Amino acid sequence: MSNHPVTYTLEKKDKRTGARLGKITTPHGTFETPMFMPVGTLATVKTIAPEELEEMGAGIILSNTYHLWLRPGEDLIAEAGGLHAFMNWDKGILTDSGGFQVFSLSDMRRIEEEGVHFKSHLDGSKLFLSPEKAINIQNKLGPDIMMSFDECPPFDESYDYVKKSVERTSRWAERGLEAHQNPDRQGLFGIVQGAGFEDLRKQSAKDLTSMDFAGYSIGGLSVGEPKEDMYRVLDFTTPLLPEHKPRYLMGVGTPDALIEGVMRGVDMFDCVLPTRIARNGTTMTSKGRVVIKNAIYARDFRPLDEKCGCYTCRNYTRAYLRHLLKSDETFGLRLTSYHNLYFLLDLMKKVRQAIREDNLLEFKEQFFEEYGYNKP
Ligand code: PRF
Ligand code: ZN
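Being a predicted model, the structure only gives us computed values, none of them experimental. What you see as residue numbers is a count from 1 along each chain, following the sequence as written. Chains and ligands are labelled sequentially in the order written, the chains with letters from A and the ligands with numbers from 1. Thresholds applied to this predicted model are a pLDDT of at least 70 for local features of residues and 80 or more for the giving and counting of side-chain atom pairs; totals over whole chains, interfaces and linings are not thresholded and use all residues. Only hydrogens and water are set aside when side-chain values are computed; all heavy atoms of the structure are taken into account.

*Asks:* Could you clarify how one ought to interpret the coordination of the zinc ion (ligand 2) in this entry?
*Replies:* In an ideal tetrahedron of four donors about a metal, each angle is 109.5 degrees. In an ideal octahedron of six donors, the angles are 90 or 180 degrees. Taken together, Cys 308 (SG), Cys 310 (SG), Cys 313 (SG) and His 339 (ND1) make up the protein donors of the zinc ion (ligand 2), found 2.1 to 2.3 Å from the metal. Each of the four donor atoms bound to the zinc ion (ligand 2) contributes to angles spanning 99 to 116 degrees, and the resulting shape is tetrahedral. With water omitted from the atoms examined, metal sites may look incomplete; donors here are N, O and S atoms no farther than 2.8 Å from the metal, or 3.2 Å in the case of Na, K and Ca. Each donor residue of the zinc ion (ligand 2) belongs to the same chain, and together they define the spacing C-x1-C-x2-C-x25-H. Neither residue differs from the other here; Cys 310 and Cys 313 are each classed as buried. In this scheme the shape depends on donor count and angles: four donors with every angle between 85 and 135 degrees give tetrahedral, four or six donors with opposite pairs above 155 degrees and others between 65 and 115 give square planar or octahedral in turn, and any other case is irregular. Categorising residues by exposure relies on relative accessible area from a 1.4 Å probe, with only protein chains included: less than 20% of the type maximum marks a residue as buried, more than 50% marks it as exposed, and the intermediate range marks it as partly exposed.

Pasting the structure below:
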């Protein structure tokens, strides 16, 4: 076992659920878990300054290998002194490997043992990404946490296909681990796949945990399957992961799925949801979603969320936010993005507090009741 630069400290296990309270330490600081990571695909959390992220309590953000590789390129970012210096963020950064983005953004693609051939979503040019290449790019970008190059098959893909895919993802993980040039400054996570098949998830977890990764991600979920399927997979997958390493559920960010994930032992989450929906005027509040452009808010001079202490809610009204969004004013996008990120970071803070105070189940019930269950 090597000493990883990213470590997990378990502080408390909830007695009634699988929830864990802990801390993750990276070369750029320590953050408490469970934690939600804001997404900054292109080396910016859209519309939000790093100082504002810090003010909201974000200790780590996610960025994307695929996008930064295409533009501005990993060599330019390395020349700037790495991603942290380039974007002026000196807390944690995690990069996704590009595997998932290749599958979700490019149309034409061909998967081979060596890697994936596909076309750029920017100009259609031919590209190739392999496990080694994905690690090499991430070594140059310099995030604290890097992801293995994986395949995320559709949830309803056949058993035979998923089995072959999982086996290949394990071989890719091994190749990535070997290609890693900077193991004492950057932690590499393995990604468990296997769609909805219990034995394949088991196989994937067994393969990956036999290799010495700094942490483990759960991929292939939140890809359009019913929530019950996701929770069922989490029920049997998280217990297969090492207790003293971080567990990260990729691409999850609705309030209910965050809480359900925490109750099944997940420590880290990320999702574009809060920032993406904010930019079209949809906000998450303690009473559920508020579509701020609706006419009913035209003369609503209350804050967006009366229970929220964020900059937006302390200073502006629903009527003003509606006006800005209706007028395509960029300040409106900033204000809704700020609130949505604050809302999820604050939700996780309350979740951590509930674990600490042994009332996570009561907290969940009350939150779901107020938010409006099945209305994420
Ligand atoms: N793999 C990778 N990134 C991801 C996913 C995955 O399966 C998902 C699935 N929700 C989101 N992001 N590498
Ligand atoms: Zn707010």
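*Asks:* How should the sheet that holds strand β7 (residues 109-111) be read in this particular structure?
*Replies:* Pairing between the strands of a sheet comes from backbone hydrogen bonds, and it takes one of two forms, parallel or antiparallel. Pairing between two strands is assigned when DSSP locates at least 2 bridges connecting them. Helix numbering and strand numbering both begin at the N terminus, where a helix is a DSSP run of H or I of at least 4 residues and a strand a DSSP run of E of at least 2. The strand order β7-β8-β9 describes an open sheet built from three strands, whose pairing is antiparallel. The open sheet has two free edges, formed respectively by β7 and β9 (126-129), since each of these has just one partner strand. When the angles between neighbouring strand axes are averaged without regard to direction, this sheet yields 15 degrees. What counts as an axis is a line fitted to C-alpha atoms, over the stretch in contact for a helix, and the angles between N-to-C directions run from 0 to 180 degrees.

*Asks:* Could you clarify how one ought to interpret the site of ligand 1 in this entry?
*Replies:* Throughout, the term near means that a residue has one or more heavy atoms lying within 4 Å of the molecule or strand in question. With respect to spatial proximity, the complete set of residues near ligand 1 consists of Asp 96, Ser 97, Phe 100, Asp 150, Cys 152, Ile 191, Gln 193, Gly 219, Gly 220, Leu 221, Val 223 and Met 250. Asp 96 is positioned with one of its side-chain polar atoms (N or O) 2.5 Å from a nitrogen atom of ligand 1. Measuring from a nitrogen atom of ligand 1, one finds a backbone N or O atom of Leu 221 at 2.5 Å. When the free accessible area of ligand 1 is taken as 320 Å², the share hidden by the protein chains comes to 96%. Classifying every residue of the shell around ligand 1 gives six nonpolar, four polar and two charged. Polar contact criterion, stated in full: a pair of N or O atoms within 3.5 Å, where within protein one must be able to donate a hydrogen and the other to accept it, and residues adjacent in sequence count only if both atoms are side-chain atoms. Surface exposure here means Shrake-Rupley accessible area, sampled with a 1.4 Å probe, where a residue is shielded only by the protein chains that are shown. Each residue receives one of three labels: charged for Asp, Glu, Lys and Arg, nonpolar for Ala, Val, Leu, Ile, Met, Phe, Trp, Tyr, Cys and Pro, and polar for the others, Gly being one of them.

*Asks:* Would you explain the packing of helix α13 (residues 318-326) against helix α14 (residues 330-356) in this entry?
*Replies:* As a packed pair, α13 and α14 sit with axes 7 Å apart at the nearest point and diverge in direction by 130 degrees. On the basis of their axis angle, the class for α13 and α14 is oblique. Our pair here, α13 against α14, has a crossing hand that is left-handed. Between α13, through Tyr 320, Leu 321, Leu 324 and Leu 325, and α14, the contact on the second element is made entirely by Phe 331, Gly 332, Leu 333, Leu 335 and Thr 336. Residues of the contact of α13 with α14, tallied by class, amount to seven nonpolar, two polar and no charged. An angle counts as roughly parallel when it lies under 35 degrees, as roughly antiparallel when it exceeds 145, as roughly perpendicular when it falls between 65 and 115, and as oblique in every other case. Should the near helix be turned anticlockwise from the far one by less than a right angle, the crossing is termed left-handed; should it be turned clockwise, right-handed. Any pair of residues with heavy atoms lying within 4.5 Å of one another is described as a contacting pair.

*Asks:* Could you clarify how one ought to interpret helix α15 (residues 360-371) in this entry?
*Replies:* Residues three or four positions apart in an α-helix share a direction because the helix packs 3.6 residues into each turn. The length a helix should cover is 1.5 Å for every residue beyond the first. Taking 1.5 Å as the rise per residue, α15 with 12 residues should run 16 Å; its terminal C-alpha atoms sit 16 Å apart, in good agreement. Among the residues of α15, Leu 360, Phe 363, Lys 364, Phe 367, Phe 368 and Tyr 371 are the ones counted as buried. Burial along α15 is one-sided: seen end-on, the buried residues are contained in an arc of 125 degrees. Exposed positions of α15 whose direction lies more than 90 degrees from the buried face are Glu 365, Gln 366 and Glu 369. Each element contacted by the buried residues of α15 is listed here: α10 (255-263), β15 (282-285), β16 (288-291) and α14. Gly 372 sits one or two positions beyond α15 and adopts a positive phi of about 95 degrees. Here the arc refers to the directions that run from the helix axis out to each C-beta atom.

*Asks:* Is there a simple way to think about the packing of aromatic side chains in this case?
*Replies:* Where two aromatic rings form a pair, the distance of their centres and the angle of their planes describe that pair. When the centres of two rings from Phe, Tyr and Trp lie within 6.5 Å, Trp using its six-membered ring, the rings pair. Their planes under 30 degrees apart give stacked, over 60 give edge-to-face, and anything left gives tilted. Applying the stated criterion to the full structure yields 14 aromatic pairs. Ring geometry for Trp 69 versus Phe 118: centroids 6.3 Å apart, planes at 55 degrees, classification tilted. Placement of Trp 69 in helix α2 (residues 65-70) and of Phe 118 in strand β8 (residues 116-119) is noted, with a sequence separation of 49 residues between them. In this pair, the class of Trp 69 matches that of Phe 118, namely buried. Three or more aromatic residues joined by ring pairs form one cluster here, namely Tyr 311, Tyr 316, Tyr 320, Phe 331 and Tyr 338.

*Asks:* Can you walk me through the sheet that holds strand β13 (residues 247-249) in this structure?
*Replies:* Reading across from one edge, β4-β14-β13-β12-β11-β10-β6-β5 is the order of the eight strands in this open sheet, with parallel pairing throughout. With partners counted over all chains shown, the strands left at the sheet margins are β4 (35-37) and β5 (60-64), one partner each. Sheet twist, expressed as the mean angle between neighbouring strand axes with direction ignored, is 25 degrees. Inspection of the sheet shows strand β12 (residues 215-218) paired to β13 by three bridges, in the parallel sense.

*Asks:* I'm lost on the pairing of strand β1 (residues 7-13) in this one. Help?
*Replies:* For a regular strand, side chains alternate in direction, first toward one face of the sheet and then toward the other. Pairing between β1 and strand β2 (residues 20-26): six bridges, direction antiparallel. Within β2, the position partnered with Lys 13 by the bridge is Arg 20.

*Asks:* Looking at this structure, I do not really get the pairing of strand β11 (residues 187-192). What am I missing?
*Replies:* The buried fraction of β11 amounts to six of the six residues, a majority that puts the element mostly inside the structure. Covered by surrounding structure in β11 are Gly 187, Phe 189 and Ile 191 together with Leu 188, Gly 190 and Val 192, the residues of both alternating faces. Pairing of strand β10 (residues 145-147) with β11, which is carried by three bridges, proceeds in the parallel orientation. Within the sheet, the bridge partner assigned to Met 147 lies in β11 and is Phe 189. Note that β11 and β12 share four bridges and pair parallel. Each bridged residue has a counterpart across the sheet, and for Gly 190 the counterpart in β12 is Tyr 216. Here is how to tell: hold the view so the strands point away, follow the path from the first strand over the helix to the second, and if it runs clockwise the crossover is right-handed. Chirality of the crossover, the property in question, places the unit of β11, helix α8 (residues 198-209) and β12 among those that are right-handed.

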